[in-house]
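Per-entry structural report
Below, each chain spelled out in residue letters.
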Amino acid sequence: MPQVIRTLDEALAPIGDGCVLAIPRESTGVAMAATRALIRRGVKRLNLVALPTSSLQADLLIGAGCVESLETSAVSLGEFGLAPRFTAAVLAGTFTMKDATCPALHAAFQAAEKGVPFMPLRGLIGSDVLAHRPDWKIIDNPFDGDDPIVLLPAIAPDVALFHAPMADRHGNVWIGRQRELITMAHAAAKTVVTVEKIHDGNLLEDRELAAGTLPGFYVEAVAVAERGAWPLPLPEHYAWDGKHLAEYAKLAATEEGFAQYLEQHVYEKKAA
Amino acid sequence: MATTSPNQKEFRTEELLISVVADLIGDARHAAVGNASPIPAAASLLARARGNGRPYVSLLGSPKHTFWTDGGRELFDCAGQGRIDVFFLSGGEIDGEGNVNLVSVGDYDKPTARFPGSFGSAYLYFVVPKVILFRTEHSKRTLVPKVSFISAPGASADNVYRTGGPIALITNRCLFSFDPARRRFKLESVHPGHTLAEVIVNTGFEFDRPPDVPVTPAPPPETLRLLRETVAPELAEVYPQFAGKVFGTGR
């Protein structure tokens, strides 16, 4: 059996410069400790694809200059307001923004997991979301005459990265109800996961846990990172750190403040 | 303006808006409410309290108030099948044809302001039969002649598959209905304490209106009782700050 449990930095090795990196929405288990480690390593030119939105993770990576392009249906800090570095970078035009809509991203990942080149989706026709996506096409429904429908190319990321409650030594990862993490892993060539803890035994042999488990077959590497989603939540484990996010929103409003945040919470490794 | 204390016989502005939105929901099987939408959430819970458990209410972002077990796509798959009857959308900009902008102001490639993004609007606006537009800030900045970016169009060509779209727009000043055939809003009523002149001055788009514009009816006592006694504690589980501010819940 290959060794899947690694140190955080070793586990992140597949995420090289220029990587097409899939990241989950803020409430399902975002690998924030791993994100800070990537920034410390100085990763460059990431092509981020959010399934289907992002918050602090995309904002930090953009602010730290790690991002070449971002495909997402939204980036915000939720009740803490706009994502400041994302907003500033869009206004300055310093990275390529690919605006999408949530179900389009879900559908495009599903196309990749099925190994088909595209997926049709209702809606979108007449929107400027579609108008600014030359890679999305309209065809006539081949089964029913005059019925235009949008086709979305499959999204097959190089790596999917997320945080989950636990994994076993076989690389099986328990994701519980957050099923889109399974879709993300199926779609990606490699999947890297950080977890709160290692589960003794085999998750797939546990009747109650097996259905909520991503099989280790899909998993390239696992690293333990306690409170690895902090300051974002991990479902049923911990909530948003509202105080920290409010502080972030305030600091990241300016470049100087953002640099100070990186110094305090990313480079100093206090947060990791 | 409505008064400030929930304990008086009067009502708060939020309670008026909740009551109006609950009436718009009407009889429905399933109302879904996006994140950070306390007034639509309260209105949906009020509709459920009146309907003895109907509609089913999904409050997105609250694991307790959603049944999804198949990931984020299940909401959209549900909507695509017609299993969601009511949804709520806001917009950085909304125009007179019901187009919604959640992306940016100015030229898309060189914007002067940027919002978070379109979320699911470019899809849900097409497939949810009753979409209620909700924008508390009623100004020429938000209600514009033409949006800079169409996240989701208010109406579509006849051959485009469309089972849903906007039915109304509610603001802090008034209620508009939407006519998809004419792609136009009609002023239905002006909220107590506000005036037609004020609505006209603060709206960036043209709209229809009856010769005599009614005042939005005050929430009936039974509605206020349900809101304060039944809905407020439910709402407080998801929106504690809002419930505390409006209903004094948890104090």
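Computed from a predicted structure; not experimentally measured. (Residues numbered from 1 in each chain as written. Chains lettered and ligands numbered in written order. Predicted model: local features only at pLDDT ≥ 70, side-chain atom pairs only at ≥ 80, totals over all residues. Heavy atoms only, no water.)

Description of the sheet that holds strand 7 (residues 137–140) of chain A
Residue and element names in this part refer to chain A. Strand order in the open sheet made by the three strands is 6-8-7, with antiparallel pairing throughout. Of all the strands in the sheet, just strand 6 (118–121) and strand 7 have a single pairing partner and so form its edges. This sheet shows a mean twist of 40° between the axes of neighbouring strands, independent of strand direction. Across four bridges, the pairing between strand 6 and strand 8 (residues 148–153) is antiparallel. Each bridged residue has a counterpart across the sheet, and for Pro120 the counterpart in strand 8 is Leu151. Here helix 5 (residues 102–114) sits on the sheet and contacts strand 6 and strand 8; the angle it forms with strand 6, its principal contact strand, is near 145°. (Pairing = 2+ DSSP bridges. Helix = DSSP H or I, 4+ residues; strand = E, 2+ residues; numbered from the N terminus. Axes fitted to C-alpha atoms, helices over the stretch in contact; angles between N-to-C directions. Contact = heavy atoms within 4.5 Å.)

Some thoughts on the domain arrangement of chain A
All names here are of chain A. What the domain assignment lists for chain A is domain 1 (5–103 + 159–264) and domain 2 (118–153). Put simply, the middle of domain 1 and the middle of domain 2, counted by C-alpha atoms, are 30 Å apart. Taken together, the six residues of domain 1 in the interface contact six residues of domain 2. When residues of domain 1 are sorted by the area they lose upon contact with domain 2, Asp99, Thr101 and Pro103 head the list and together hold 60% of the total. (Domains from an automatic or database assignment. Buried area = accessible area lost by both parts, 1.4 Å probe.)

So, helix 7 (residues 240–247) of chain B
Residues and elements named next belong to chain B. Along helix 7, the residues classified as buried are Phe242, Ala243, Gly244, Val246 and Phe247. On its buried face, helix 7 sits against helix 1 (13–25), helix 2 (38–50) and helix 6 (221–238). Gly248 sits one or two positions beyond helix 7 and adopts a positive phi of about 70°. (Buried < 20%, exposed > 50% of the residue type's maximum accessible area, 1.4 Å probe, protein only.)

Focus: the nonpolar core
Val173 of chain A together with Phe176 of chain B are the most contacted members of the largest nonpolar core, which has 126 residues in total. Per-element tally for this core: the top contributor is helix 5 of chain A, with eight residues. Taken domain by domain, the makeup of this core includes at least three residues from each of domain 1 (5–103 + 159–264) and domain 2 (118–153) of chain A. The contact partners of Val173 of chain A, leaving out residues within four places of it in the chain, are Phe162, Ala164, Met166, Ala167, Val193, Val195, Leu203, Gly212, Thr213, Leu214, Val219 and Val222 of chain A. (Core = buried A, V, L, I, M, F, W, Y, C linked by side-chain atoms within 4.5 Å.)

Focus: the sheet that holds strand 4 (residues 93–95) of chain B
Residues and elements named next belong to chain B. The three strands are arranged 5-4-9 in an open sheet whose pairing can be described as mixed. Edge positions in the open sheet fall to strand 5 (100–101) and strand 9 (143–144), since each of these has one partner strand only. The sheet contact formed by strand 4 and strand 5 spans two bridges and is antiparallel. Residue pairing for strand 5: Ile94 is matched across the bridge by Val100.

A few points about the side chain of Asn141 of chain A
Note on placement: Asn141 of chain A falls in the loop between strand 7 and strand 8. Not counting residues within four places of it along the chain, the set of residues in contact with Asn141 of chain A comprises Asp147 and Ile149 of chain A.

Side note on the packing of helix 2 (residues 32–41) of chain A against helix 10 (residues 255–267) of chain A
All names here are of chain A. Relative orientation of the contacting elements helix 2 and helix 10 amounts to 115°, with a least axis distance of 10 Å. Regarding the angle of helix 2 to helix 10, the classification is roughly perpendicular. The handedness of the crossing between helix 2 and helix 10 comes out as left-handed. Touching Arg36, Ile39 and Arg40 of helix 2 are His265, Val266 and Tyr267, all from helix 10. Here the contact of helix 2 with helix 10 is built from residues that sort into three nonpolar, one polar and two charged. (Parallel < 35°, antiparallel > 145°, perpendicular 65-115°, else oblique. Left-handed = near helix turned anticlockwise from the far one by under 90°. Nonpolar A, V, L, I, M, F, W, Y, C, P; charged D, E, K, R; others polar.)

A few points about the pairing of strand 13 (residues 221–224) of chain A
All names here are of chain A. Across two bridges, strand 1 (residues 5–6) lies against strand 13 in parallel orientation. If you follow Arg6 over to strand 13, its bridge partner there is Ala223. Relative to strand 13, strand 11 (residues 190–199) runs parallel, the two being bridged by four bridges. Within strand 13, the residue paired with Val195 across the bridge is Val224.

Quick notes on the pairing of strand 4 (residues 67–72) of chain A
Residues and elements named next belong to chain A. Among the six residues of strand 4, five are classified as buried, and the element is accordingly described as predominantly covered. Where strand 3 (residues 46–51) meets strand 4, four bridges bridge the pair, whose relative direction is parallel. By the bridge assignment for strand 4, Leu46 is matched with Val67. Following the backbone out of strand 3, through helix 3 (residues 56–63) and into the adjacent parallel strand 4, one traces a crossover that is right-handed. Examined bridge by bridge, strand 4 and strand 5 (residues 96–99) share four bridges and lie parallel to one another. (Right-handed = clockwise from strand over helix to strand, strands pointing away.)

Details of the packing of aromatic side chains
What the rule picks out here adds up to 14 aromatic pairs over all chains. Geometrically, the ring pair formed by Phe217 of chain A and Tyr218 of chain A is edge-to-face, given 5.3 Å between the ring centres and 85° between the ring planes. In this structure an aromatic cluster arises from ring pairing among Phe176, Phe178, Phe185, Phe205 and Phe207 of chain B. The ring of Tyr125 of chain B carries the charged tip of Arg162 of chain B above its face, separated from the ring centre by 5.3 Å. (Phe/Tyr/Trp six-rings, centres within 6.5 Å; stacked < 30°, edge-to-face > 60°. Lys NZ or Arg CZ within 6 Å of the ring centre and 35° of its normal.)

Observations regarding the environment of Glu113 of chain A
Residue and element names in this part refer to chain A. With respect to the secondary-structure elements, Glu113 resides in helix 5. Note: C-alpha distance between Glu113 and Ala154 (41 residues apart in sequence) is 8.6 Å. Aside from chain neighbours lying at most four places away, what touches Glu113 is Ile182, Thr183, His186 and Ala187.

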